[in-house]
Amino acid sequence: MGHRLIVDPLQVQTPAVLFDMTRLIRSLERPVATGIDRIDLAIGRDLAARFGPRCRFVHVMGGGVAHVPGDLARAVLAYLDAHWHDATPAEPPPWLSLRLLAARARGALAPAVPDAAATTYIVASHSGVFRHTGLIDRIDPAAHMPRLVYIHDLIPLEHPAYQTATSVETFRAWLTEAARGPVQFVVNSRDTGARLARHADNSGWTMHEPRLHMPRLEATQTAPERPRSDHAGLFAGDRAVFLALGTIEPRKNHALLLDIWRAFANDMATPPLLLISGRRGWMNAEVFEALDRDERLSGHVHEFADLTDAEVAYAMSHAQALLFPSFAEGLGIPVMEAALHGLPVIASDLPALREIAADSTVFLAPGDTHGWTQAILAASAEMN
């Protein structure tokens, strides 16, 4: 069984929409999608299908904004859907890059939207025109265009220690620019909505109450796809396999899991296995060094940066539990995926995760090494 992320249609009050696909175009060469990518793509595909020719597209690069032709935009959406969701990743059409370059070249000359009041600008990626102060004014100089802005989290503002200084200020400026104008914010969880409302109050904004629009997962009956041998082989023996899924960045707290597995390697003849699935992020040199060079982890911790959806589904169908020790989350899509596949979860006790996790989830403080160790050992014992 596979799965697909679904976002129910956003409520739009105008007959036309302008979808900002900046992040999706920037992600064309990304082998696997993040949670934000998946939501962004799902919303873009729905708008393109629902509004047809009344769905137009923009793309921001440098200091300019380009209107992307509809057929080109739909080709990007179709390619990313196949590339990120099919068992065998797709290849982009050979003409795609050239046409995107042509669209970029026209960016500085992009005209204003002629029917702004009848068009809703929609961005679902913490990216796009709001990354540049005043750029929205180029396509909506009279501020008549309603704006629908999807917020995934406020982590850069609330947990700046897990971000670079540049990314914190970039997000702060983006959110401030997004709040300027006729905007309706949409959020992925009640917790994100509450945090956004507090931030707006502290910032002196007047805004409508954020709309909750949580994504969901839909099971898909796909043909069984056996993963690559070095991945499938982890599940072929009699050792319990635990799955950690997400970008390898400080917020995801992989350091806790590596400390636990070092202790397992010291104390146990045959410790359980840890499968880490996710691309390497930022500000995590010690974790990367440990993954590359710590001999105590060799043979016990296995890192994969590019597992396909089919391989992740296979792992979730065969693993002992999902380990999710994050310090902060806006939603936590891997926890939703685990619930769909019936995979037990050991997770940090965070409000957003409480909204989506199965009743059987074991919640622990992200810094409770002893508690996490005992929970992992208890889950391992259930295999025997």
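Residues numbered from 1 in each chain as written. Predicted model: local features only at pLDDT ≥ 70, side-chain atom pairs only at ≥ 80, totals over all residues. Heavy atoms only, no water.

Re the overall build of the protein
Summing up its helical and strand segments, the protein has 15 helices and 15 strands in all. By the compact-globule yardstick of 21 Å for 384 residues, the protein fits well, its C-alpha radius of gyration being 22 Å. For the protein, the residues scored as buried account for 57% of the 384 residues in total. A separation threshold of at least 6 residues defines the contact pool for the protein, and within that pool the share at least 24 residues apart is 76%. Put simply, the protein shows about 16500 Å² of open surface, and 52% of that area lies on carbon and sulfur atoms. Of note, the protein has its 34 positive side-chain charges centred 6 Å away from the centre of its 43 negative side-chain charges. (Helix = DSSP H or I, 4+ residues; strand = E, 2+ residues; numbered from the N terminus. Rg over C-alpha atoms; globule rule 2.2 N^0.38 Å. Buried < 20%, exposed > 50% of the residue type's maximum accessible area, 1.4 Å probe, protein only. Contact = heavy atoms within 4.5 Å. Areas by Shrake-Rupley, 256 points an atom, 1.4 Å probe, with all protein chains shown as cover. Lys, Arg positive; Asp, Glu negative; His and termini not counted. Charge placed at Lys NZ, Arg CZ, Asp CG, Glu CD.)

Regarding the packing of aromatic side chains
This structure, assessed with the given rule, holds eight aromatic pairs. Ring geometry for Phe235 and Tyr314: centres 5.9 Å apart, planes at 75°, overall edge-to-face. Taken as a pair, Phe235 in the loop between α9 (229-232) and β10 (241-245) and Tyr314 in helix α12 (residues 309-318) lie far apart in primary sequence, 79 residues in all. The pair formed by Phe235 and Tyr314 is uniform in burial state, with each residue classed as buried. (Phe/Tyr/Trp six-rings, centres within 6.5 Å; stacked < 30°, edge-to-face > 60°.)

Re the nonpolar core
Nonpolar side chains in soluble globular proteins tend to be buried together. Counting residues in each nonpolar core, the largest one holds 67 residues, and the members touching the most others are Phe19, Met21, Ile43, Phe57 and Ile122. Here the element with the most residues in this core is helix α3 (residues 70-85); it accounts for eight residues. Beyond its immediate stretch of four places on either side in the chain, Met21 contacts Phe57, Val58, Val68, Ala73, Val76 and Leu77. Core analysis: the second largest hydrophobic core is formed by 28 residues, Ile139, Met145, Phe171 and Trp205 among them. (Core = buried A, V, L, I, M, F, W, Y, C linked by side-chain atoms within 4.5 Å.)

What about helix α13 (residues 333-341)?
Among the nine residues of α13, seven are classified as buried, and the element is accordingly described as predominantly covered. Among all positions in α13, only Ile333, Pro334, Val335, Met336, Glu337, Ala338 and His341 are buried. Looking one or two residues past α13, Gly342 carries a phi angle of roughly 70°, positive in sign.

Things to note about the packing of helix α10 (residues 254-267) against helix α15 (residues 369-381)
Two elements in contact, α10 and α15, have axes separated by 10 Å at closest approach and are oriented at 60°. Here α10 runs over α15; the crossing is right-handed. Contacts between α10 and α15 involve Leu256, Ile260, Trp261 and Phe264 from the first element and Thr369, Trp372, Thr373, Ile376 and Leu377 from the second. When the residues that make up the contact of α10 with α15 are grouped by side-chain class, the tally is seven nonpolar, two polar and no charged. (Axes fitted to C-alpha atoms, helices over the stretch in contact; angles between N-to-C directions. Left-handed = near helix turned anticlockwise from the far one by under 90°. Nonpolar A, V, L, I, M, F, W, Y, C, P; charged D, E, K, R; others polar.)

Describing the packing of α10 against helix α11 (residues 285-293)
Where α10 meets α11, the axes come as close as 10 Å, and the angle between the chain directions of the two elements is 35°. By crossing handedness, the relation of α10 to α11 is classed as left-handed. On α11, the residues that touch His254, Ala255, Leu258 and Arg262 of α10 are Val287, Ala290 and Leu291. Classifying every residue of the contact of α10 with α11 by side-chain character gives five nonpolar, one polar and one charged.

A look at the pattern of salt bridges
Side chains that carry opposite charge are capable of pairing whenever their charged atoms lie near each other. Taken as a whole and assessed by the stated rule, the structure comprises 25 salt bridges. Across the pair Arg30 and Asp37 runs a salt bridge, and its minimum N-O distance is 2.6 Å. Residue Arg30 is classed as partly exposed on the basis of its relative accessible area of 22%. Take Asp37: its relative accessible area is 0%, and that puts it in the buried class. One continuous salt-bridge network, built from bridges that share partners, spans Glu249, Arg251, Lys252 and Glu329. (Salt bridge = Lys/Arg side-chain N within 4 Å of Asp/Glu carboxyl O.)

Remarks on the sheet that holds strand β3 (residues 55-61)
On the basis of which strands lie adjacent, the open sheet formed by seven strands has the order β4-β3-β2-β5-β6-β7-β8 and mixed pairing. The sheet is open, and its two borders are formed by β4 (64-68) and β8 (211-212), each paired with just one other strand. Relative to β4, β3 runs antiparallel, the two being bridged by five bridges. Bridge pairing links Val60 to Val65 in β4. (Pairing = 2+ DSSP bridges.)

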